Amino acid sequence: LYYVGADMKIRRYLEESPLCILERAHRQALARIQEALAPYGLGLIQGLVLVAINTEKRQVGPSELAHVFGTSKAAMGQTLTRLEELGYIQRSISPKDARRTLISVTPGQRPQVQRLMNAFHRLQVRDEEILGAEGIRSLQENLQRLADRS
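About the criteria used
- Residues numbered from 1 in each chain as written.
- Predicted model: local features only at pLDDT ≥ 70, side-chain atom pairs only at ≥ 80, totals over all residues.
- Heavy atoms only, no water.
- Axes fitted to C-alpha atoms, helices over the stretch in contact; angles between N-to-C directions.
- Helix = DSSP H or I, 4+ residues; strand = E, 2+ residues; numbered from the N terminus.
- Left-handed = near helix turned anticlockwise from the far one by under 90°.
- Contact = heavy atoms within 4.5 Å.
- Nonpolar A, V, L, I, M, F, W, Y, C, P; charged D, E, K, R; others polar.
- Buried < 20%, exposed > 50% of the residue type's maximum accessible area, 1.4 Å probe, protein only.
- Pairing = 2+ DSSP bridges.
- 1 Å grid on protein atoms, 1.4 Å probe; cavity = no way out; pocket = protein on both sides within 12 Å on 5 of 7 lines; lining within 4 Å.
- Points joined across faces, edges and corners; volume = space filled by probe spheres on them.
- Core = buried A, V, L, I, M, F, W, Y, C linked by side-chain atoms within 4.5 Å.

One can describe the packing of helix 3 (residues 44–56) onto helix 6 (residues 110–149) by two numbers: an axis separation of 10 Å at closest approach and a directional angle of 115°. Relative to helix 6, the crossing made by helix 3 is left-handed. Contacts between helix 3 and helix 6 involve Leu-44, Gly-47, Leu-48, Leu-50, Val-51, Asn-54 and Thr-55 on the former and, on the latter, Arg-110, Val-113, Leu-116, Met-117 and Phe-120. Residues belonging to the contact of helix 3 with helix 6 are distributed by class as follows: 8 nonpolar, 3 polar and 1 charged.

Spelled out as structure tokens, the structure:
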């Protein structure tokens, strides 16, 4: 088949530009992430926040999570509300400070959260199989350099 515009001069740029390659990789990564998280009804940040809460093995505060994720308390509050609506987390008042809210994974959801953590691990293993450990480290370093210059 011949497509109109198949010989356009910009085609080479679109295929070779680091910016365009990064955008294509981003779209593909998001599609893989969405597919992996769909059974849990979660988006990427919701899944990562849930993993963070579970990994700590202690109750954490919304402010602490907002700080670690580099987001506002309001945005984190919305994420936590959604996780609570889905039954993944519970909020409680700190016994040491009644002004402080603490977040933990609901006991019945711990096996589900472990499966979620395994899903994230499988995504990482897939990328390591493609790029190798050194390729992953190099990609992380280069992406961090780009992020730091923005």
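Right, picking up where we left off after that structure.
Counting buried positions along strand 2 (residues 101–105) yields 4 of 5 residues, so the element is predominantly enclosed. Sheet topology places strand 1 (residues 89–93) next to strand 2; 5 bridges connect them, and they run antiparallel. The partner of Ser-92 across the bridge, within strand 2, is Leu-102.

In this section: the layout of surface pockets. Of the voids in this model, the largest pocket is the one considered here, and its volume is about 1200 Å³. Counting only elements with at least two residues in the lining of the largest pocket, the list comes to helix 2 (18–37), helix 3 and helix 6. The dominant element in the lining of the largest pocket, judged by the number of residues it contributes, is helix 6, at 15 residues. Of the residues belonging to the lining of the largest pocket, the class tally is 18 nonpolar, 7 polar and 3 charged.

In this section: the nonpolar core. Membership of the largest hydrophobic core comes to 24 residues, with the highest contact counts inside it found for Leu-50, Ile-53, Leu-80, Leu-83, Tyr-88, Ile-89 and Leu-116. Sort the elements by how many residues they give to this core and helix 6 lands first, with 5 residues. Apart from the residues within four sequence positions on either side, Leu-80 is in contact with Val-49, Ile-53, Pro-62, Leu-65, Ile-89, Arg-91 and Ile-103.

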